[in-house]
Amino acid sequence: MAYEYVFDKSKCWYISACVKYESPECNASCIRYMEMDYLMQNSGIPRNRQYAVLLTPSKRDVQAFVTLKEIKDDILNFVKNGESVYIYSDNFGNGKTTWAIKLMQKYFDDVWAANGFRCRGIFIHVPTFLTKIKEGISRKDEDFETLKSRLMTVDLVIWDDIAATKLGDFDHANLLTYIDQRKLNQLSNIYTGNLHQDELQDALGNRLSSRVWNDSTPVKFVGADRRGVR
Ligand SMILES: Nc1ncnc2c1ncn2[C@@H]1O[C@H](COP(=O)(O)OP(=O)(O)OP(=O)(O)O)[C@@H](O)[C@H]1O
Ligand SMILES: [Mg+2]
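The model shown is predicted, which means the values in this text are computed figures rather than measured ones.

**Student:** Outline the overall build of the protein, supporting the account with residue identities and numerical values.
**Tutor:** Per the secondary structure count, the protein includes nine helices and five strands. Starting at the N terminus and walking to the C terminus, you meet the elements of the protein as α-α-α-β-α-β-α-α-α-β-α-β-α-β. Taking 17 Å as the expected radius of gyration for a compact globule of 230 residues, we find that the protein reaches 18 Å, a close match to that expectation. Here the C-alpha coordinates of the protein stretch approximately 60 × 50 × 35 Å along the principal axes. Here the protein holds 230 residues, and the buried ones make up 33% of them. Restricting to contacts in the protein with at least 6 residues of sequence separation, those with at least 24 account for 83%.

**Student:** Could you give me a rundown of the environment of glycine 82, with the residues and numbers involved?
**Tutor:** Relative to the elements of secondary structure, glycine 82 occurs in the loop between helix H3 (75-80) and strand E1 (84-89). Considering only alpha carbons, one finds glycine 82 and glycine 228, 146 residues apart in sequence, at a separation of 35 Å. Those residues within four positions of glycine 82 in sequence are excluded, and the remaining contacts are Gln186, Leu187 and Ser188.

**Student:** Describe the site of ligand 1, listing the residues and the values that go with them.
**Tutor:** Taken together, 17 residues lie near ligand 1, and Phe92, Gly95, Lys96, Thr97 and Thr98 sit nearest. The greatest single-element share of the shell around ligand 1, amounting to three residues, is contributed by helix H4 (residues 96-111). Partitioning the shell around ligand 1 into residue classes produces four nonpolar, nine polar and four charged.

**Student:** Please give an account of the sheet that holds strand E2 (residues 121-125) that cites residues and values.
**Tutor:** Sheets are built from strands paired through backbone hydrogen bonds, the pairs being either parallel or antiparallel. Ordered in space as E2-E3-E4-E1-E5, the five strands form an open sheet in which the pairing is parallel. Among the strands making up the open sheet, the edge pair consists of E2 and strand E5 (217-221). Taken over all neighbouring pairs, the strand axes of this sheet differ in orientation by 15 degrees on average, direction set aside. Pairing analysis gives five bridges linking strand E3 (residues 156-163) to strand E4 (residues 188-193), with the strands arranged parallel. Across the sheet, the residue bridging to alanine 163 is glycine 193, located in E4. Running over the sheet, helix H9 (residues 197-213) touches E1, E3, E4 and E5 and is turned about 160 degrees from E3.

**Student:** Can you explain the nonpolar core? Please cite residues and give values.
**Tutor:** Grouped together as the largest cluster of nonpolar side chains are 51 residues, with contacts concentrated most on Met104 and Val212. Broken down by element, the residue count for this core peaks at seven residues, all from H4. When residues no more than four places from it in sequence are discounted, the contact partners of valine 212 are Tyr86, Ile162, Ala163, Tyr191, Leu200 and Leu204.

**Student:** Which residues make up helix H5 (residues 126-134), and what values do they have?
**Tutor:** Taken together, the buried positions of H5 are occupied by Val126, Phe129 and Leu130. Take H5 and look down its axis: the buried residues cluster within an arc of 95 degrees, on one side only. H5 presents Thr128 and Thr131 as exposed residues on the side facing more than 90 degrees away from its buried surface.

**Student:** I'd like a rundown of unusual backbone geometry, residues and numbers included.
**Tutor:** Notably, phenylalanine 117 is not glycine yet its phi reads approximately 55 degrees, a positive angle. Summarising the element assignment, phenylalanine 117 is placed in the loop between H4 and E2. With 12 C-beta atoms counted inside 10 Å, the residue phenylalanine 117 sits in the exposed group. Residues other than glycine seldom take positive phi values, yet glutamine 186 does so here, at roughly 55 degrees. Locating glutamine 186 in the fold gives a position in the loop between helix H8 (169-184) and E4.

**Student:** Residues and numbers for helix H2 (residues 62-73), please.
**Tutor:** In this model, H2 (12 residues) spans 16 Å end to end at C-alpha, consistent with the 16 Å of a helix rising 1.5 Å per residue. Listed in full, the buried residues belonging to H2 are Ala64, Leu68 and Ile71. Across the axial projection of H2, the buried residues extend over an arc of 55 degrees, all falling on one side. Summarising the geometry of H2, the exposed residues directed more than 90 degrees from the buried face are Val62, Gln63, Val66, Glu70 and Asp73. Close packing links the buried residues of H2 with H3, E1, H4 and E5.

Rules used in this analysis
Residues numbered from 1 in each chain as written. Chains lettered and ligands numbered in written order. Predicted model: local features only at pLDDT ≥ 70, side-chain atom pairs only at ≥ 80, totals over all residues. Helix = DSSP H or I, 4+ residues; strand = E, 2+ residues; numbered from the N terminus. Rg over C-alpha atoms; globule rule 2.2 N^0.38 Å. Buried ≥ 20, exposed ≤ 12 C-beta atoms within 10 Å, placed from the backbone. Contact = placed C-beta atoms within 7 Å. Near = placed C-beta within 6 Å. Nonpolar A, V, L, I, M, F, W, Y, C, P; charged D, E, K, R; others polar. Pairing = 2+ DSSP bridges. Axes fitted to C-alpha atoms, helices over the stretch in contact; angles between N-to-C directions. Core = buried A, V, L, I, M, F, W, Y, C linked by C-beta atoms within 7 Å. Arc of directions from axis to C-beta. Expected span 1.5 Å × (residues − 1).

Given below as structure tokens:
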């Protein structure tokens, strides 16, 4: 589906921060809403994950949270310098994807002004992406073609669940093409996964795992699964 601008003040990302919320100026011509909506909807971040969730670290994840907070506070330079981060854990549901989105959202927040409706970040759920490629969706789907070409040039990409399973040759070649190209162009990446260094090598092969591990800041979570826990 092509992007279509729809204004819905109840979905604004700045409800609690904007002094104009609920004022007459809170309307469809709000430039901040427009730019942010463009960035968000074109990023492919699922709609139900576009709004900040409060995360609290388990005791052993405090240092990991501090590291991510530092990256977040300096995300403009992180992206400008083409840096990458790999957020990983043996456990599921402890905030990896949520953090990745937080970092991207902060980047959007830093660049929306005068952005001029340009795509600045893309969220890729890697297993879904690879399945789509395999099914040859690209030839039938213009949006998917656009997405693939943007992957080579966009400032920041989240590769969600990149290292969750072992990749076949075809998948491996596909991923390597994009990630190598991004590295060459000094573009930023956020990876999430469930594998540590040795397993990564086994699952992704030497070249790809070195991209994900050696060219990134690895951040490990050890906290337990918090999904569904309130
Ligand atoms: N540290 C945390 N504090 C509060 N809630 C959390 C925390 N970690 C995870 N959650 C909750 O669990 C849900 C799932 O988190 P998320 O999708 O980020 O996990 P994940 O680490 O990416 O999991 P997976 O390994 O399955 O991909 C979040 O929506 C959030 O509500
Ligand atoms: Mg996840």
